[in-house]
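A closer look at the structure
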Amino acid sequence: MSLCPWAWEAEGRLFGDTPLNPVAQAQMLFGIPQRVGFSLDDSEGLLMTLTAPSSEVTVALMGGHVQTWTRFRGEAPGPTDAPVGDEILWLSPERPVDPAKPRRGGIPICWPWFGAHPSDPDQPAHGIARTAAFKLLGTWVDDERTHVQLALADRSSLIAPFANCEISIQLSVGPDLRLDLTTMNLGDDDVDLSQALHTYFRVDDIAEVRVEGLEGASYIDALDGWLEKQQTGPVTFSEEVDRIYTTSETPLELLDTSAGRRVRIVTSGSRSAVVWNPWIEKSKRLGDMGLEGYRQMVCIETANAGHDRIVLKPRLAHRLTAILSVEDL
Ligand code: TA6
């Protein structure tokens, strides 16, 4: 058995002749006291906690799925304390209706396509990454930030033309949260890529928030025959909204006066943003939004979607980056 010292799958492996459970293995190889810890989530998947002095995230290795981001009020919690602070992301209290899908919320990775597969209706919506196992490549810290790098644990599940692609997720948590999704085309053919960091932000009341920075941008309205329209004023919510905005201008800002905070989204490698709230009827159809969950969330997604597709030439790479920060009003 060869075990790369820096990479392994999150599954039972033998060290010497003593089987170690995934948590103990991860802790031994990648744990950092007070900064990087591991546990099992309620579906027995490996969950990583990245703690920095100012905030903390939890990440499921299944899907490389950031599930929570807590901004501390005051000191970072001790090793056995629950974090006290503001939850910036929304995570459904319900389990997914389809067990093959991830828990709704946090920052699911939509890759290597966004929305429906361009030609094969049997393929899952939003690609394969959010339901694929990821492996740890490394964890490291500095005074302010805690970092992790992940890669797909098994690329054999990738369908053509993505079979020759490798992806890396790099997360850096500190005063802000930075997420880099890098796609490398290791093959000899062009790869047509669409993707999104499908971020679910928590809000006090969807009817009281607005998204700024998209004024005047054109958008595709997924609820009106994919017609192209133009945004006038900030984006507000009084019904279902599902739009792909064409924009490379950032920051975008989520103003939540009721919660007393402004969330700023700075991106690179993206010329589109998706804004989505399912409202009442779609929430009922989805079945995993919790009671009135739609009132406490809005998706503002850093994407390459709609007209903003990426044609990745052989031996080239593309990086999609979102930097999320929060300030009190
Ligand atoms: O990003 C918006 C969207 O494409 C909506 O159309 C809705 O389908 C949402 O994603 C959630 O998709 P999911 O597959 O996670 O239920």
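Quick caveat: nothing in here was measured; it's all calculated off a predicted structure.

**So, the nonpolar core**
- In this structure, M48, W111, F201 and F237 are the most contacted members of the largest nonpolar core, which totals 74 residues.
- No other element matches the five residues that strand β11 (residues 165–173) contributes to this core.
- In this structure, A196, I244, V274 and A305 belong to the second largest nonpolar core, which totals eight residues.

**Concerning the site of the ligand**
- All residues adjacent to the ligand are K101, R104, F114, H126, R130, H198, D242, V274, W276, K282, L286 and E301.
- Side-chain polar atom of R104 to an oxygen atom of the ligand: 2.9 Å apart, as the coordinates give it.
- One of the side-chain N or O atoms of D242 is found 2.6 Å from an oxygen atom in the ligand.
- Going through the elements one at a time, β22 (272–277) and α2 (279–286) are the ones with two or more residues in the shell around the ligand.
- Class assignment for the residues of the shell around the ligand results in four nonpolar, two polar and six charged.

**So, the confidence of the model for the chain**
- Per-residue pLDDT for the chain averages 92, and the proportion of residues at 70 or more is 92%.
- Taken as a whole, residues 1–12 scores under 50 in pLDDT and shows 28 contacts with residues more than four places along the chain or in a different chain.

**Observations regarding the sheet that holds strand β16 (residues 209–212)**
- With antiparallel pairing, the eight strands of this open sheet are ordered in space as β9-β10-β11-β12-β25-β21-β20-β16. Because the sheet does not close on itself, it has two edges, and the strands there are β9 (134–141) and β16. Taken over all neighbouring pairs, the strand axes of this sheet differ in orientation by 15° on average, direction set aside.
- Relative to strand β25 (residues 317–328), strand β21 (residues 261–268) runs antiparallel, the two being bridged by eight bridges. Following the sheet pairing, V266 is matched in β25 by I323.

**Side note on the pattern of salt bridges**
- Here the structure, examined in full by the defined rule, presents 23 salt bridges.
- With a shortest N-O distance of 2.5 Å, R264 and E253 are connected by a salt bridge. Of the two residues, R264 is situated in strand β21 and E253 in strand β20 (residues 252–256); the sequence distance between them amounts to 11 residues.
- Note on R264: relative accessible area 27%, which makes it partly exposed.
- Here the salt bridges share partners, and the residues they tie into one network are R210, E212, E253, R262, R264 and E327.

Basis of the calculations
- Residues numbered from 1 in each chain as written.
- Predicted model: local features only at pLDDT ≥ 70, side-chain atom pairs only at ≥ 80, totals over all residues.
- Heavy atoms only, no water.
- Core = buried A, V, L, I, M, F, W, Y, C linked by side-chain atoms within 4.5 Å.
- Buried < 20%, exposed > 50% of the residue type's maximum accessible area, 1.4 Å probe, protein only.
- Helix = DSSP H or I, 4+ residues; strand = E, 2+ residues; numbered from the N terminus.
- Near = heavy atom within 4 Å.
- Polar contact = N/O pair within 3.5 Å; in protein donor to acceptor, adjacent residues only side chain to side chain.
- Nonpolar A, V, L, I, M, F, W, Y, C, P; charged D, E, K, R; others polar.
- pLDDT = per-residue confidence, 0-100.
- Contact = heavy atoms within 4.5 Å.
- Pairing = 2+ DSSP bridges.
- Axes fitted to C-alpha atoms, helices over the stretch in contact; angles between N-to-C directions.
- Salt bridge = Lys/Arg side-chain N within 4 Å of Asp/Glu carboxyl O.

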